[in-house]
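Observations on the three-dimensional arrangement
Next come the chains, spelled out residue by residue.
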Amino acid sequence: MPRAILCILDSVGIGGAPDADKYGDVGSNTFGHIAEWAHAGKADLEGLRSGPLNVPNLDALGIGAAIKLSTGTLPPGLSATAKGGRFGVGREVSNGKDTPSGHWEIAGVPVPFDWGYFPHTEPTFPPNLIEEFIKRAKLPGILGDKHASGTTIIAELGEESIRTGKPICYTSIDSVFQIAAHESHFGLERLYEICQIAFELTAPLMIGRVIARPFVGEDAASFKRTGNRRDFAIAPPEPTLLDRNQAAGHQVYAIGKISDIYAGHGVTHKIKGTGLPQLFDKTLEAMEMAADNAFVMTNFVDFDSEYGHRRDVPGYAAALEYFDSRLPEMIAALRHDDLLVLTADHGNDPTWTGTDHTREQIPILVFSPSLGQSEIGIRTTFADIGESIAHWLGLVPGSHGKSFL
């Protein structure tokens, strides 16, 4: 009986979407630009990597061909033809360029509303919101209250947070309210507790997620975020692919931050992991455990959080090469009737201006030992991915998208 494995390479976009001009992202191309920089020697870092981007397995599955289909240009070092499986391009219909929108639409549910956002002012949060948050959470106050990079603001305010007991609250261009606090001095469970309070207060504003950002260390030089991040998210407005497979009586393995993104809905097995190696290991373990008709879904967040937002081209290139080097393990673990889909949820071009996501099209790379090679074209909604997996698993068609299988 069939199974499906869906890997979200978080932020690995392949060229600006048709509406990229609305977001200031015309010309962005996460994967393509990394390949260009690597070819030009601008992604070299001693002790990490050097030379042209080395991703033969992704290229064989069609990443180069997908980028050419998306942008009309083939990046250096990649092939214009796939050697196996099916390849294509995904185009988003949901507004925004954020994690929930991309993931929900991939799972068959485009976002039917506009998210709420906080203004680019300082302070950024509504005073009455912060007043109620401090009151309900019994806090001495908060720090931050602005748009910021997570690692930067922890280095800036972490010592004061430890000294005063005040958590660090900040946001970004995404629909998020983020709270950073020290794991031991403030307390991890206490951080989760105040995040739940913040989520209840921000949900009416249609803020997509409240994110707990715990860190450790004793000074600005040693502060480091840990793997105990937790997202408190608004639930999708309709049953997603995860819900549908669970309702059919089948397993749904949610690896990494997948369960948080879908507010726990439709998940039968929640598996946490930190870092690309561990997330890859957990995916292989889930494939080993998964029964017939199971759906395994992993978010490989490091591409986005560690390298895209930090505009780290060598790091991003090395991460792509690491993922590529382990792809043969995943392919070898596939049963004859398993379906493997590799895709992304948005872009985060490390060569672009700013530190935020980029509105891009996404690769759709599909492989199964029982599938032939072909092109699936440019899909007009990410939901085609979810509908194709639903078709593979024998589920009743959903309301959005069309299977390309």
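Read on for a plain summary of the structure. Computed from a predicted structure; not experimentally measured. (Residues numbered from 1 in each chain as written. Predicted model: local features only at pLDDT ≥ 70, side-chain atom pairs only at ≥ 80, totals over all residues. Heavy atoms only, no water.)

Remarks on unusual backbone geometry
With an omega of 5°, the peptide bond between Glu122 and Pro123 qualifies as cis. Tracing the backbone shows Pro123 in the loop between α4 (99–106) and α5 (127–137). Phi is positive for Asp145, which is not a glycine, with a value near 55°. Looking at where Asp145 falls in the secondary structure, it is placed in strand β3 (residues 143–147). Taking relative accessible area as the criterion, Asp145 reaches 14% and is therefore assigned buried. (Helix = DSSP H or I, 4+ residues; strand = E, 2+ residues; numbered from the N terminus. Buried < 20%, exposed > 50% of the residue type's maximum accessible area, 1.4 Å probe, protein only.)

What about the environment of Phe280?
Tracing the chain through its elements places Phe280 in helix α10 (residues 276–289). Judged by its relative accessible area of 0%, Phe280 is buried. With 74 residues separating them in the primary sequence, Phe280 and Met206 have C-alpha atoms 33 Å apart.

Considering the nonpolar core
Membership of the largest hydrophobic core comes to 110 residues, with the highest contact counts inside it found for Phe31, Phe133, Phe177, Ile179, Phe295, Phe303 and Ile389. Sort the elements by how many residues they give to this core and helix α7 (residues 183–202) lands first, with 10 residues. Among residues more than four places away in sequence, those in contact with Phe31 are Val12, Gly13, Ile14, Leu53, Val55, Leu58, Ile63, Ile67, Leu78 and Leu320. In this structure, Leu143, Ala180, Phe215 and Phe223 belong to the second largest nonpolar core, which totals nine residues. (Core = buried A, V, L, I, M, F, W, Y, C linked by side-chain atoms within 4.5 Å. Contact = heavy atoms within 4.5 Å.)

Section: the environment of Leu69
Tracing the backbone shows Leu69 in helix α3 (residues 63–71). When sequence neighbours within four positions are dropped, the list of residues in contact with Leu69 reads Gly88, Val89, Glu375, Gly377 and Ile378.

Details of the packing of aromatic side chains
Tallied over the entire structure, the rule returns 13 aromatic pairs. When the ring of Phe118 is compared with that of Phe177, the centres are 6.2 Å apart and the planes differ by 70°; the resulting orientation is edge-to-face. Placement of Phe118 in the loop between α4 and α5 and of Phe177 in strand β5 (residues 176–182) is noted, with a sequence separation of 59 residues between them. The interplanar angle of 75° and the centroid separation of 5.9 Å between the aromatic rings of Phe133 and Phe177 together place this pair among those described as edge-to-face. Of this pair, Phe133 sits in helix α5 while Phe177 sits in strand β5, placing them 44 residues apart in sequence. The two residues Phe133 and Phe177 agree in class, both being buried. Cluster of aromatic residues (ring-pair linked, three or more members): Phe280, Phe300, Phe303, Tyr316 and Phe323. Here the basic side chain of Lys42 rests over the ring of Trp37, its NZ or CZ set 4.3 Å away from the ring centre. The aromatic ring of Tyr192 is capped on one face by Arg230, whose charged end is 3.8 Å from the ring centroid. (Phe/Tyr/Trp six-rings, centres within 6.5 Å; stacked < 30°, edge-to-face > 60°. Lys NZ or Arg CZ within 6 Å of the ring centre and 35° of its normal.)

Some words on the sheet that holds strand β9 (residues 252–255)
What the eight strands build is an open sheet, ordered β10-β9-β11-β1-β12-β13-β2-β14; its pairing is mixed. Only two strands of the sheet have a single neighbouring strand rather than two, namely β10 (269–271) and β14 (374–379). The average angle at which neighbouring strand axes cross in this sheet is 15°, direction not considered. Here six bridges tie strand β1 (residues 3–9) to strand β11 (residues 295–300), and the two strands are oriented parallel to one another. (Pairing = 2+ DSSP bridges. Axes fitted to C-alpha atoms, helices over the stretch in contact; angles between N-to-C directions.)

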